[in-house]
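Structural characterization, general
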Amino acid sequence: MEKKHWWSPLILGILILALGIVILVFPQASYLTMTLLFGIVIALSGIMYIGLAFCKEVKGRGWLIASGIVEIILGIFLTLSPAVSAIAIPIVLGFWLLFKGFTLIGMGYALSKIKGSGWGWTIFSAVLLIICGAIILLQPIFYGIEAVILWSGVSFIIGGCTLMNYAFKLKDLYDGNMEE
């Protein structure tokens, strides 16, 4: 990712964090609206990854494009099919969080390669997202929709904070304020 585009993951992180807070504050209304909001956020995330893939300093361009395409298709599906999405949201959300966690591991690794600080926290948070994704995949079976809503909110808050942290680390690199 090009360092001067540090604001892109910051905006996405703020959106994802806000969605996580909304899910936890309004759990009953969240499940029905979560599919629509989730679809929009996923599509925006996909657009961001495709845009970042064309920055000149980017490494792993193919992964960013593939991730972006998958997220745009998933976002469109969730937005256009809310009834089907409401039934499938635990599965879709669980796999998306797994996918997002692995993508963030790659972003943390890339941050370490350009001597950025905080890459360990990015990878740690990504592992937390992977764990949350696995829990969400298992929750409908054992505990129902309420647990999915709770873990969704927690996962979005973790993911949003991780993206915002990543953005600020890129900003430090861009400003030349990075500690060695």
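Structure's up top.
Report follows, based on the coordinates. Keep in mind that this is a model prediction, so the values were computed, not measured.

Of regular secondary structure, the chain possesses six helices and zero strands. When the helices and strands of the chain are placed in sequence order, the string is α-α-α-α-α-α. If you sum the accessible surface of the chain, you get close to 9100 Å²; carbon and sulfur atoms cover 75% of it.

Mapped onto the elements, Ser 8 comes out in helix α1 (residues 7-25). The contacts of Ser 8, once residues within four sequence positions are left out, are Met 48 and Leu 52.

What follows covers the side chain of Thr 122. In this fold, Thr 122 is placed in helix α5 (residues 119-142). According to the relative accessible area criterion, Thr 122 is buried, its value standing at 0%. Thr 122 has contacts with Leu 104, Gly 108, Leu 111, Thr 162, Asn 165 and Tyr 166, leaving out every residue within four places of it along the chain.

Here we come to the nonpolar core. Formed by 39 residues in total, the largest nonpolar core has its most connected members in Ile 16, Phe 38, Leu 78, Leu 93, Trp 96 and Phe 156. Those elements giving two or more residues to this core turn out to be α1, α2 (27-53), α3 (61-80), α4 (82-113), α5 and α6 (145-175). At nine residues, the largest contribution of residues to this core is made by α6. In contact with Ile 16, not counting residues within four places along its chain, are Val 41, Trp 96, Phe 156, Gly 159, Gly 160 and Leu 163.

Cut-offs applied
Residues numbered from 1 in each chain as written. Predicted model: local features only at pLDDT ≥ 70, side-chain atom pairs only at ≥ 80, totals over all residues. Heavy atoms only, no water. Helix = DSSP H or I, 4+ residues; strand = E, 2+ residues; numbered from the N terminus. Areas by Shrake-Rupley, 256 points an atom, 1.4 Å probe, with all protein chains shown as cover. Contact = heavy atoms within 4.5 Å. Buried < 20%, exposed > 50% of the residue type's maximum accessible area, 1.4 Å probe, protein only. Core = buried A, V, L, I, M, F, W, Y, C linked by side-chain atoms within 4.5 Å.

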